[in-house]
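The residues making up each chain are set out below.
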Amino acid sequence: MKKSYLLLSIVSALYLSGCGSDDNTATDNTQQLKGVALDTQYLANAKVCLDFSTDSRCATSYQTTTDSHGLFSLTIPSSENNKLDQAIVTILPATQSARTTTQGSELIYQALYAAKESQDIAVSPLTTRLTEQIKLSPTQTISDSAIKLAKQNIIEQSALSDTQHFFDNYLTDSTNTALHHYVENTVDELSRAAELTEQLRQDPKYQEWDKLQAYVWRVWQRSPHNHEFTYRYEELVALEKTQQGTRVTRREGTQWYANEETGAINRALPLQNWHDQREWLTETQAKVYTYFEFDYNQDGQFNFKGELGGLYNYSSLVAGQEAYTGYEVFNEGNPAAEGAEDRGNREWIDNCPLFDELAKVTKEQALDPCVDFVEYRDISNSAQNDGTLKNQDNMTEWQKDDPKDGTPPSQWTPLTVNNASLKYYEEREQKWFEDGSNAFETRFDWNADHYHQPQRPTPFNVIKNDSVSENGYSATAIKTPYWKGELNPQFQLAGKGIRQYSLVNPFHWKDLAEVYVDEKVAQLDDHNHEYLATTYLMKEAHQYLDGDGQAVAIANANIKWNTQTNALTAQLQYPALTHGDPDWQLSPSQAITENYSVSTAGSSNKLDLATMSITRNAAQPANETRNVLTRSYFDNAITWTVTTPDGFGSNAQLQAIYPLIFGDGSNYTFQPYASNTDSKLNLAQCGSDRFAGVETKLTFEAAGDAYIALRCGDWPWLGEMVRLVIVTQDEQGNFDAELQWWQQGDNILDDAARESLKVRFTRQ
């Protein structure tokens with residue numbers, strides 16, 4: 001049953017005027033700390049405590065009770081002022097949640113004094129999330145940059161579009177129903193965490209630990225392995241003990257995929273198990289071991305796993321700021337074992353002696369074959385003179401040399417950490433400005449030219465900048481190379497609402513030059529967004545300049561969409577270029593401009609339907625309107641029977657690759673990437689049995705035709721191109737489509753498909 005909200009105007013007026021629950025007034029020797037306690041309503045008769053450490057709870061005499069409107073006031077001696085930046089306020093509601101049924105469990109809310117967003121402090125389930133992030137950090141440091149980073153993480157994981165008052169008194173805004181519903185879920189999760197904490201304290205498995213606290217949350221999270229943005233439920237336990245004089249901290253967590261609407265999970269199919277343990281050798285040095293395992297394809301088997309061993313050295317810059325550096329050695333499997341991204345340079349080996357190998361790193365000794373790569377991290381939080389707060393994270397990576405002969409990584413020449421094996425460098429820099437805006441820039445140096453060729457003007461292959469303006473509107477700009485063998489960019493603007501127009505090189509499929517793309521997506525107002533992109537020629541992983549020092553552009557895209565109406569318009573331009581090499585086809589035979597308009601066409605049985613209109617100045621057909629696929633087709637719960645009503649006829653190439661894409665046609669699901677292990681088919685199509693899989697993308701992220709690419713082993717993508725276009729569709733979403741095939745080297749803007757096959761999709 002949905003809870004009601006007590007949004008009394010008199011309560012809001014009392015809160016905004018700062019009136020508290022007692023009549024004490026501040027003097028020269030005291031000050032008043034005023035605030036409000038709330039969850040889905042204002043919390044009356046709740047106990048309030050002020051402490052000066054995240055480890056403490058009601059350990060001081062600074063205690064009171066909220067009034068009938070949830071308001072409270074504490075009188076604090078001025079002598080305590082220097083402690084307030086580390087202060088924490090705890091609320092113990094008078095009435096516990098009905099969810100906390102385990103005897104001894106207790107629901108509390110907390111807020112950091114340093115994180116309050118107005119003169120009076122709000123203590124709520126959402127401010128509790130913030131204190132949890134600080135408590136779970138390795139050093140539990142309370143600083144402006146740590147707080148800002150934690151706030152940003154929490155808001156991003158909520159996936160809410162309107163987060164005004166998120167860490168303040170959100171009950172003053174009765175219109176933000178999405179936020180209020182999020183608060184309800186958070187109360188439920190915190191109640192479950194309180195119950196789980198008490199259960200685990202009774203578990204013999206955890207009796208050796210001095211401290212134990214469970215955490216529960218649902219978050220939106222992007223996977224670094226399959227690049228999907230999914231809703232997840234996690235249960236985590238934080239542990240601490242002293243062992244032979246050494247402080248040991250441990251985090252154990254399990255994640256499940258959660259239903260986007262109900263939050264429900266299938267406990268029998270966890271997505272991920274992980275744990276992280278730190279032994280604090282000194283107050284500033286920690287020995288770290290982390291393990292993780294994933295079941296992305298949800299078959300009950302964790303076929304992708306990894307571990308790292310690290311040694312971190314912490315140092316204090318100024319009060320409340322911190323920095324740490326350290327080496328990490330990794331033993332990690334290939335995510336492709338779970339249908340995720342293929343990283344063929346990694347192989348899991350049991351019983352890898354990580355810490356023995358860690359000791360060899362700085363001595364330039366050959367490491368055990370189980371070590372796949374080594375990283376050095378240099379991380380700091382600091383305050384600048386202009387009031388800007390900065391978080392800096394630099395990462396250097398050493399990798400094994402791939403002999404390119406098909407042997408597994410465990411048989412490659414063992415890694416030695418030296419200049420020759422230095423293969424990757426990355427910088428991450430985040431800044432928060434006094435006007436409330438922020439920027440997050442990531443610079444990727446895939447060849448470690450930062451070290452090997454420091455004279456290069458721009459050693460970074462990819463530069464990505466995320467920013468939020470003072471009015472709360474976001475923007476992302478990214479400059480990145482696309483290799484010949486890639487169907488889509490490694491770093492996509494998925495989640496921002498749009499994808500670059502299908503393939504970045506629609507001129508000479510997979511047999512032309514690599515290209516460099518400069519793209520930007522920006523939120524223009526509450527509902528309208530814009531995407532701009534220019535595609536340039538690339539040379540040696542950097543933007544190519546002609547003899548006049550100018551970048552050579554081969555495509556431009558301007559895309560706009562509205563999140564309220566789901567309408568989208570786009571203009572794509574391809575200039576006609578010439579080049580000295582007649583086999584190097586850089587462009588269509590004449591300049592082409594395409595204008596697109598995508599609009600919703602209702603829904604049917606969990607399928608969102610859409611139409612797309614296209615006008616062209618030159619390419620054929622000049623004008624057309626047709627039904628197109630949408631993101632909803634990629635729901636794994638929606639399965640299809642795929643058939644060829646008219647047979648294959650003379651379409652020999654499509655007949656050969658058809659089973660690689662659709663299998664036997666039963667129980668087919670649309671997937672961004674699907675692996676295939678039929679060695680006979682792989683041998684026929686790839687010349688080896690190392691066929692890796694099929695990638696399927698839409699013209700635009702929300703909707704469009706489906707573009708399909710096939711991959712042989714680690715490399716390359718097959719040069720041919722396949723496109724799926726809806727021809728007819730019924731009200732239930734069943735459709736007939738045309739599967740089109742172009743040979744490697746064809747230009748689909750000029751050349752007709754060489755083969756075309758009728759394919760029927762029927763919902764199961």
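Remember, predicted model here, so these are calculated numbers, not experimental data. Counting restarts for each chain, with residues numbered from 1 along the sequence as it is written. Whole-chain, interface and lining totals are the exception, using all residues; otherwise, since this is a predicted model, local features are given only for residues with pLDDT of at least 70 and side-chain atom pairs are given and counted only at 80 or more. With hydrogens and water excluded, all non-hydrogen atoms of the structure serve as input to the side-chain values.

## Notes on the packing of helix α2 (residues 125-136) against helix α3 (residues 144-158)
Link 1 in the chain: Between α2 and α3, the least distance of the axes is 9 Å, while the angle of their chain directions is 120 degrees. In this view, α2 runs oblique relative to α3, as classed from their interaxial angle. Crossing angle aside, the handedness with which α2 passes α3 is right-handed. From α2, Arg129, Leu130, Gln133 and Ile134 reach across to α3, where they touch Ala146, Ile147, Ala150, Lys151, Asn153, Ile154 and Gln157.
Link 2 in the chain: When residues are grouped by polarity, Ala, Val, Leu, Ile, Met, Phe, Trp, Tyr, Cys and Pro land in nonpolar, Asp, Glu, Lys and Arg in charged, and all others, Gly among them, in polar. When its residues are assigned to classes, the contact of α2 with α3 shows 6 nonpolar, 3 polar and 2 charged. Convention adopted: a line fitted to C-alpha atoms gives each axis, helices being fitted over their contacting stretch, and angles between N-to-C directions are expressed from 0 to 180 degrees. What counts as a helix is a DSSP run of H or I of at least four residues, what counts as a strand is a run of E of at least two, and both are numbered from the N terminus. The cut-offs work like this: below 35 degrees is roughly parallel, past 145 is roughly antiparallel, 65 to 115 is roughly perpendicular, and the gaps in between are oblique. Note on convention: near helix rotated counterclockwise from far helix by under a right angle means a left-handed crossing. Clockwise means right-handed. Contacts were defined at the residue level, with two residues in contact if any of their heavy atoms lie within 4.5 Å.

## A word on the packing of aromatic side chains
Link 1 in the chain: Stacked, edge-to-face and tilted labels apply to pairs of Phe, Tyr and Trp rings (six-membered ring for Trp) whose centres lie within 6.5 Å, assigned for plane angles under 30 degrees, over 60, and everything in between, in that order. Using the criterion set out here, one finds 34 aromatic pairs in the structure.
Link 2 in the chain: Here a set of aromatic residues connected by ring pairs shows up, and it is made of Tyr633, Phe634, Trp640, Phe648, Tyr658, Phe662, Tyr668, Phe670, Phe735 and Phe761.
Link 3 in the chain: In this structure, Lys241 is placed above the aromatic ring of Trp209, and the distance from its NZ or CZ to the ring centre is 4.4 Å. For a ring to carry a charge above it, either NZ of a lysine or CZ of an arginine must fall within 6 Å of the ring centroid while also lying within 35 degrees of the normal to the ring plane.

## Observations concerning the sheet that holds strand β5 (residues 88-92)
Link 1 in the chain: The sheet built from 4 strands is open, its strands ordered β3-β2-β5-β6 with antiparallel pairing. Strands at the two margins of the open sheet, each flanked by one partner only, are β3 (63-65) and β6 (109-112). Taken over all neighbouring pairs, the strand axes of this sheet differ in orientation by 20 degrees on average, direction set aside.
Link 2 in the chain: Here, strands pair whenever DSSP counts at least two bridges between them. With 3 bridges connecting them, strand β2 (residues 47-51) and β3 associate as antiparallel partners. Bridging from a neighbouring strand, Cys49 pairs with Gln63 of β3.

## Side note on a negative patch on the surface
Link 1 in the chain: The patches described consist of residues with a relative accessible area above 30% and no salt bridge, like charges being joined within 9 Å and nonpolar side chains (Val, Leu, Ile, Met, Phe, Trp, Tyr) within 5 Å. Reported accessibility uses the Shrake-Rupley method at a 1.4 Å probe radius. Residues are deemed covered only where the shown protein chains occlude them. For this analysis, a salt bridge means a side-chain nitrogen from Lys or Arg found within 4 Å of a carboxyl oxygen belonging to Asp or Glu. Positive charges come from Lys and Arg, negative ones from Asp and Glu, while His and the chain ends are left out of the count. Every charge is mapped to an atom, namely NZ of Lys, CZ of Arg, CG of Asp or CD of Glu. Taken together, the side chains of Asp386, Glu434, Asp435 and Glu470 define an acidic patch exposed on the protein surface.
Link 2 in the chain: If you trace the backbone, Asp386 turns up in the loop between β15 (373-383) and β16 (389-399).
Link 3 in the chain: Partly exposed describes any residue whose relative accessible area lies between the buried limit of under 20% and the exposed limit of over 50%, with all areas from a 1.4 Å probe on protein chains only and scaled to the type maximum. For Asp386, a relative accessible area of 53% puts it in the exposed group.

## A few points about helix α4 (residues 177-201)
Link 1 in the chain: Take the number of residues in a helix, subtract one, and multiply by 1.5 Å to get its expected span. Here α4 is 25 residues long and its end C-alpha atoms lie 36 Å apart, about the 36 Å a rise of 1.5 Å per residue gives.
Link 2 in the chain: Among the 25 residues that make up α4, 18 are buried, leaving the element largely enclosed by the rest of the structure.

## Focus: the pairing of strand β26 (residues 592-604)
Link 1 in the chain: Pairing of strand β25 (residues 568-574) with β26, which is carried by 7 bridges, proceeds in the antiparallel orientation. Within β26, the position partnered with Gln573 by the bridge is Thr593.
Link 2 in the chain: Sheet analysis places β26 next to strand β27 (residues 607-616), joined by 9 bridges and oriented antiparallel. Bridge assignment links Glu594 to a residue of β27, and that residue is Arg616.
Link 3 in the chain: The antiparallel hairpin formed by β26 and β27 contains 2 residues in its connecting segment, where Asn605 sits at a positive phi of about 50 degrees.

## A closer look at the side chain of Glu427
Link 1 in the chain: The residue Glu427 is located in strand β17 (residues 422-432) in this model.
Link 2 in the chain: Under the rule applied, a polar contact is a pair of N or O atoms within 3.5 Å (in protein, one hydrogen donor and one hydrogen acceptor; residues adjacent in sequence only if both atoms are side-chain atoms). Side-chain polar atoms of Glu427 contact the side chain of Tyr425, separated by 2.7 Å.
Link 3 in the chain: Within the structure, the side chain of Glu427 is placed 2.7 Å from the side chain of Arg443, a separation counted as a polar contact.
Link 4 in the chain: Among all residues touching Glu427, those that are not within four sequence positions of it are Gln392, Asp393, Asn394, Glu441, Thr442, Arg443, His450 and Phe460.

## Concerning the nonpolar core
Link 1 in the chain: To define a nonpolar core, start from buried Ala, Val, Leu, Ile, Met, Phe, Trp, Tyr and Cys residues and group those joined through side-chain atoms within 4.5 Å. With 46 residues, the main nonpolar core has Leu50, Val89, Ile91, Tyr109 and Phe166 as its most contacted residues.
Link 2 in the chain: Here this core gets 5 residues from one element, more than from any other, and that element is α4.
Link 3 in the chain: In this structure Ile91 touches Ala37, Leu43, Ala46, Lys47, Val48, Phe72, Ile108, Tyr109 and Val123, once residues within four positions along its chain are discounted.
Link 4 in the chain: Ranked by size, the runner-up nonpolar core spans 32 residues in total, among them Leu629, Trp640, Tyr658 and Leu739.

## Section: the side chain of Thr442
Link 1 in the chain: Relative to the elements of secondary structure, Thr442 occurs in strand β18 (residues 438-445).
Link 2 in the chain: Note on Thr442: relative accessible area 8%, which makes it buried.

## Side note on the pattern of salt bridges
Link 1 in the chain: Going through the model one piece at a time under the given rule, you end up with 35 salt bridges.
Link 2 in the chain: Of the charged contacts, one joins Glu189 and Arg218 as a salt bridge, the two residues approaching to 3.1 Å between their closest N and O atoms. Note that Glu189 is positioned in helix α4 and Arg218 in strand β8 (residues 211-222), a separation of 29 residues in sequence.
Link 3 in the chain: Here Glu594 ties to Arg616 by a salt bridge, and the two come within 2.8 Å at their closest N and O atoms. Here Glu594, found in strand β26, pairs with Arg616, found in strand β27; they are 22 residues apart in sequence, far enough to count as distant.
Link 4 in the chain: For Arg616, a relative accessible area of 14% puts it in the buried group.
Link 5 in the chain: When salt bridges with common partners are traced through the structure, they connect Glu594, Arg616, Glu624, Arg626 and Asp705 into a single cluster.

## Considering helix α7 (residues 652-662)
Link 1 in the chain: Turning to α7, its buried residues are Leu654, Ile657, Tyr658, Leu660, Ile661 and Phe662.
Link 2 in the chain: Count one or two residues on from α7 and you reach Gly663, which has phi positive near 65 degrees.

## Considering the sheet that holds strand β4 (residues 71-77)
Link 1 in the chain: Strand order in the open sheet formed by 3 strands is β4-β1-β7, with mixed pairing between adjacent strands. The open sheet is flanked by β4 and β7 (121-123), the only strands paired with a single partner. Strand-to-strand, the axes of this sheet are offset by a mean angle of 30 degrees, without reference to chain direction.
Link 2 in the chain: Bridging between strand β1 (residues 30-37) and β7 involves 3 bridges; their strand directions are parallel. Paired with Val36 across the two strands is Ala122, which belongs to β7.

## Some thoughts on unusual backbone geometry
Link 1 in the chain: Phi angles above zero are rare outside glycine, and Lys404 is one such case at about 60 degrees.
Link 2 in the chain: Within the secondary structure, Lys404 sits in the loop between β16 and β17.
Link 3 in the chain: Given the relative accessible area of 71%, Lys404 is considered exposed.

## Structural notes on the confidence of the model for the protein chain
Link 1 in the chain: Scored from 0 to 100, pLDDT records how confident the predictor is in each individual residue. Confidence in the prediction of the protein chain, expressed as mean pLDDT, is 82, and 82% of residues score 70 or more.
Link 2 in the chain: Low confidence marks residues 1-24, where pLDDT is under 50. Its contacts with residues over four positions away, or in another chain, come to 43 contacts.
Link 3 in the chain: Confidence drops under pLDDT 50 across residues 485-512; counting only partners more than four residues distant or on other chains, this segment forms 122 contacts.

## Re the pairing of β2
Link 1 in the chain: Of all 5 residues that make up β2, 4 are buried, and the element is covered over most of its length.
Link 2 in the chain: Taken together, the 5 bridges between β2 and β5 define a ladder with antiparallel strand orientation. Bridge pairing in β5 links Lys47 to Leu92.

## Here's the deal with the environment of Glu338
Link 1 in the chain: Tracing the chain through its elements places Glu338 in the loop between β14 (323-332) and α5 (354-358).
Link 2 in the chain: When the C-alpha atoms of Glu338 and Ala674 are compared, they prove to be 9.8 Å apart, with 336 residues separating the residues in sequence.
Link 3 in the chain: What Glu338 contacts, discounting residues up to four positions off in sequence, is Phe294, Asp295, Tyr296, Asn297, Asp299, Gln301, Phe302, Asn303 and Phe304.

## Description of the packing of α2 against α4
Packed helix pairs are characterised by how far apart their axes lie and by the angle those axes make with each other.
Link 1 in the chain: The interhelical angle for the contact between α2 and α4, taken along N-to-C directions, is 55 degrees, at an axis separation of 9 Å. Judged by the angle between their axes, α2 and α4 are oblique. Both α2 and α4 take part in a crossing whose hand is left-handed. Taken together, the residues of α4 that come into contact with α2 (itself represented by Pro125, Leu126, Thr128, Arg129 and Glu132) are Leu179, Tyr182, Val183, Thr186, Val187, Glu189 and Leu190.
Link 2 in the chain: Within the contact of α2 with α4, the residues separate by chemical class into 7 nonpolar, 2 polar and 3 charged.

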